[in-house]
Amino acid sequence: HRIVIISTGLLAVAVVGFFIYSISALYKFQDSSGFIYRVTQVVPFPVAKAGGSYVAYENYLFELRRYEHYYQSQQQVDFATQSGKDQLNSYKPKALDEVIQGAYVKQLAAQNGVSVSSADLNAELASLQAQNQSNSQELADVTSKFFGWSIDDLKRELGQELLAQKVATRLDTATQARAANVLKQLQDGGDFATLAAQNSDSADKANGGQYADGAITTASTDVPPAVVRALQTMQAGQVSNVIEAGNTLEIVKLLATSNSKMQAAHISFNITPVATYVAQYEKAHPQHIYIKVQ
């Protein structure tokens, strides 16, 4: 019995000591080491509260450590120096704002029935590989080299970006109505180039909406991946439905195809940034931050 009592007492002291150490490292010293990061992956310490939801400290370190890894490995920044510390401190508020906004986006997504499917993620990942003309292993190597991420980490980041885009698109009903109205005019026989000049938010509208890149392929970086995927399923002369293309809604017309290279025109409608809707939502659901960042 005495051995059990002593062992239990030592275990309790160790657990309490571990939590005291972790809390001090996180909230006083703001340690972002690999060990502390792994602790936050297991224990859901909060870094802030966004409305009714806690923001995990792990989310903040996920973003902060990506920044540290890139500048240490690619720019040879020494964060132990004063200039390095100043640079990191200047980024901390941005990283914290980003993860808090991400929490608000998730709340808006849940309220509006918006989600990102595995098919959405796989399509985005495939487009990323095509744009970089790389296979899955090469993409994994580049992701690890520049950001210290695994492919699952990359999917996590892509998922957050896609969710924000989908939420903004769902909430921007005015832009949806604009796009639907132009599509109806096209279906009724309207001239594509004329409607592009009158309605498109893109700078190329004066040219009938024709993409400056006259040789669109899966590796094109100036054309949204969703648009490229749609064009690949179309026949010359065909006009698409409204395409959700990230920060825009697009209606595209395939002009010609030659040797897997496509010529196309588009009518683009800018989506109101998700930050606008987050700011409106935050007024009624204020945030509370548990660490002090400069």
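In the block above lies the structure referred to throughout.
Definitions and cut-offs
- Residues numbered from 1 in each chain as written.
- Predicted model: local features only at pLDDT ≥ 70, side-chain atom pairs only at ≥ 80, totals over all residues.
- Heavy atoms only, no water.
- Helix = DSSP H or I, 4+ residues; strand = E, 2+ residues; numbered from the N terminus.
- Rg over C-alpha atoms; globule rule 2.2 N^0.38 Å.
- Buried < 20%, exposed > 50% of the residue type's maximum accessible area, 1.4 Å probe, protein only.
- Areas by Shrake-Rupley, 256 points an atom, 1.4 Å probe, with all protein chains shown as cover.
- Lys, Arg positive; Asp, Glu negative; His and termini not counted.
- Charge placed at Lys NZ, Arg CZ, Asp CG, Glu CD.
- Pairing = 2+ DSSP bridges.
- Contact = heavy atoms within 4.5 Å.
- Axes fitted to C-alpha atoms, helices over the stretch in contact; angles between N-to-C directions.
- Expected span 1.5 Å × (residues − 1).
- Salt bridge = Lys/Arg side-chain N within 4 Å of Asp/Glu carboxyl O.
- Core = buried A, V, L, I, M, F, W, Y, C linked by side-chain atoms within 4.5 Å.
- Phe/Tyr/Trp six-rings, centres within 6.5 Å; stacked < 30°, edge-to-face > 60°.
- Lys NZ or Arg CZ within 6 Å of the ring centre and 35° of its normal.

> Would you mind going over the overall build of the protein with me for this structure?
Broken down by element type, the protein carries 11 helices and six strands. Against the globule reference of 19 Å for 294 residues, the protein gives a C-alpha radius of gyration of 24 Å, more extended than a compact globule. The principal-axis extents of the C-alpha atoms in the protein amount to approximately 90 × 45 × 45 Å. Residues counted as buried form 38% of the 294 residues belonging to the protein. Total accessible area on the protein is roughly 16,000 Å²; 53% of this is exposed by carbon and sulfur atoms. Taken together, the 23 basic and 26 acidic charged side chains of the protein have centroids lying 7 Å from each other.

> Honestly, the sheet that holds strand β4 (residues 248–258) in this entry has me stumped. Any pointers?
The strands that make up a sheet are held in pairs by hydrogen bonds between backbone atoms, and each pair lies either parallel or antiparallel. A sheet is described by the order of its strands in space; here three strands give the open sequence β3-β4-β5, paired in antiparallel fashion. Each end of this open sheet is capped by a strand with a single partner; those strands are β3 (243–244) and β5 (261–270). In this sheet, β4 lies alongside β3 in antiparallel orientation, the contact comprising two bridges. Residue pairing for β4: E244 is matched across the bridge by L249. Of the strands in this sheet, β4 and β5 touch helix α9 (residues 192–199), which is tilted by about 40 degrees from β5.

> How should helix α3 (residues 57–73) be read in this particular structure?
Three or four residues apart is the spacing at which side chains of an α-helix point the same way, because the helix has 3.6 residues per turn. Taking 1.5 Å as the rise per residue, α3 with 17 residues should run 24 Å; its terminal C-alpha atoms sit 24 Å apart, in good agreement. Inspection of α3 places Y57, E58, Y60, L61, F62, E63, L64, R66, Y67 and E68 among the buried residues, and these make up the whole buried set.

> Explanation requested: the pattern of salt bridges in the structure shown.
For side chains of opposite charge, pairing can occur when their charged atoms come near one another. Under the counting rule described, the total for this entry stands at five salt bridges. R156 is the salt-bridge partner of E58, the closest N and O atoms lying 2.8 Å from each other. Taken together, the residues span a long stretch of sequence, with E58 in helix α3 and R156 in helix α7 (residues 151–171) at a distance of 98 residues. Taking the shortest distance from any N to any O, the salt bridge between K184 and D188 comes out at 2.7 Å. For K184, a relative accessible area of 45% translates into the label partly exposed.

> In this structure, what is going on with the pairing of strand β2 (residues 53–56)? I would like to understand it.
Looking along a regular strand, one sees the side chains alternate between the two faces of the sheet. Pairing of strand β1 (residues 46–50) with β2, which is carried by four bridges, proceeds in the antiparallel orientation. Paired with A50 across the bridge in β2 is S53. Here β1 folds back onto β2 in antiparallel fashion, the turn holding two residues, of which G51 has a positive phi close to 65 degrees.

> It is not clear to me how the nonpolar core should be interpreted in this structure. Could you clarify?
Here is a general trend for soluble globular proteins: nonpolar side chains tend to be buried in one another's company. Formed by 60 residues in total, the largest nonpolar core has its most connected members in Y60 and I267. Among all residues touching I267, those that are not within four sequence positions of it are V182, L186, F192, L195, A196, N199, S200, L249, E250 and I251.

> Even after reading the chapter, I still don't get helix α5 (residues 118–131), so can you show me in this structure?
Look at α5: 20 Å from first C-alpha to last across 14 residues, which is about the 20 Å you get at 1.5 Å a residue. When we look at burial in α5, the residues that qualify are L121, L125, S127 and Q129. Summarising the contacts, the buried residues of α5 are in contact with α6 (136–147), α7 and α10 (225–231). A positive phi of about 50 degrees marks Q133, the residue just after α5.

> Hey, could you run me through the packing of aromatic side chains in this one?
For any pair of aromatic rings, the description rests on two quantities: the centre-to-centre distance and the angle between the ring planes. The full count for this structure, using the stated rule, is 14 aromatic pairs. Between F18 and F19, the ring centres sit 5.6 Å apart and the planes meet at 80 degrees, which makes this aromatic pair edge-to-face. In this structure F18 comes out as partly exposed when scored by relative accessible area, which is 32%. Between Y27 and Y57, the aromatic rings sit 5.6 Å apart at their centres with planes inclined by 80 degrees, giving edge-to-face as the arrangement. Taken together, the residues Y27 in helix α1 (residues 2–28) and Y57 in helix α3 connect sequence positions 30 residues apart. The exposure class of Y57 is buried, given its relative accessible area of 1%. Put simply, the rings of F62, Y67, Y70, Y71, F79, Y91, F146, F147 and W149 touch in pairs and so form one group of aromatic residues. Stacked on the ring of F62, the Lys or Arg R156 has its end atom at 3.9 Å from the ring centre.

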